[in-house]
Amino acid sequence: MNKAAYEKLLKEILVQVVNNSSFTESRKYIQHGNTSIYRHSIMVARKSCQIASKYNIKVSYREMVRGALLHDYFLYDWHDKSHNHKRPHGFFHAGAALKNAMRDFELTDIEKDIIKKHMFPLTPVPPKYIESFIVCLADKVCSAGETFIKNR
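Conventions and cut-offs
Numbers given for residues are sequential positions, taken from 1 along each chain in its written order. Predicted model: local features are reported for residues with pLDDT of at least 70 only, side-chain atom pairs are reported and counted for 80 or more only, and whole-chain, interface and lining totals are derived from all residues. Only hydrogens and water are set aside; all other atoms, that is, all heavy atoms of the structure, feed into the side-chain values. Numbering of helices and strands runs from the N terminus, with a helix taken as a DSSP run of H or I at least four residues long and a strand as a DSSP run of E at least two residues long. Confidence scores here are pLDDT values: one per residue, from the predictor, ranging 0 to 100. For patch detection, residues must exceed 30% relative accessible area and be free of salt bridges, and they are connected within 9 Å for like charges or within 5 Å for nonpolar side chains (Val, Leu, Ile, Met, Phe, Trp, Tyr). To measure how exposed things are, a 1.4 Å probe is used in the Shrake-Rupley method; for residues, cover is taken only from the protein chains shown. The salt bridge definition used is simple: a Lys or Arg side-chain nitrogen within 4 Å of an Asp or Glu carboxyl oxygen. For helices, the fitted line uses only the C-alpha atoms of the stretch in contact; every axis is such a line through C-alpha atoms, and the angle between N-to-C directions lies from 0 to 180 degrees. Roughly parallel covers angles under 35 degrees, roughly antiparallel covers those over 145, roughly perpendicular covers 65 to 115, and oblique covers all other angles. Note on convention: the crossing is left-handed when the near helix lies turned anticlockwise from the far helix by less than a right angle, right-handed when the turn is clockwise. The contact criterion used is simple: two residues touch if any of their non-hydrogen atoms lie within 4.5 Å.

With that settled, the discussion passes to unusual backbone geometry. Phe 120 connects to Pro 121 through a cis peptide bond whose omega is 15 degrees. Its location among the elements puts Pro 121 in the loop between helix 5 (109-117) and helix 6 (130-148).

Shown next as structure tokens:
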């Protein structure tokens, strides 16, 4: 899929996600550095498409983008030590994101796998689908950039 096509698909799916969930609430929470979870999730979806496109990997772009947008749909400030979320955050937030996503959407097996396993190897079971593996990789790339490159 070329860049124009996946950008169009990303915008279409983003509108659907925003209109049918609490996704915009993720703008309130910082993920890494000064990047909101909202922006991080969009960047991971875009980076996933770039990887699949660049290496001509046959994927379901629709499922990959939806899973990427919802991979951090946990809806809390993980930096807030007074919050009752499970710690350490890196090991447990995927479960909270999956629970919220399943509450708000009908998810395919690929989308569930993306959300549940995007933190591999912190989660012991590796991704089952190529879409999940790509989102896992894209998440690491985006997270590193957000953490180590100032003012992104």
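Before going further, it helps to examine the confidence of the model for the protein. Residues of the protein with pLDDT of at least 70 account for 86%, and the chain-wide mean is 88. When pLDDT is averaged over each helix and strand of the protein, the minimum, 69, is found for strand 1 (residues 30-32) and the maximum, 98, for helix 3 (residues 61-70).

So, about a nonpolar patch on the surface. A contiguous nonpolar patch, built from Ile 130, Phe 133, Leu 137 and Val 141 and spanning about 330 Å² of accessible area, is present on the exposed surface. Mapped onto the secondary structure, Phe 133 falls in helix 6.

Another point: the packing of helix 1 (residues 3-19) against helix 3. For the pair helix 1 and helix 3, the least separation of the axes is 10 Å and the interaxial angle reads 50 degrees. When the interaxial angle is binned, helix 1 and helix 3 end up oblique. Crossing geometry of helix 1 relative to helix 3 is assigned as right-handed. Between helix 1 and helix 3, the residues in contact are Tyr 6, Leu 9, Leu 10, Glu 12, Ile 13, Leu 14, Gln 16 and Val 17 and Tyr 61, Arg 62, Val 65, Arg 66, Leu 69 and Leu 70, respectively.

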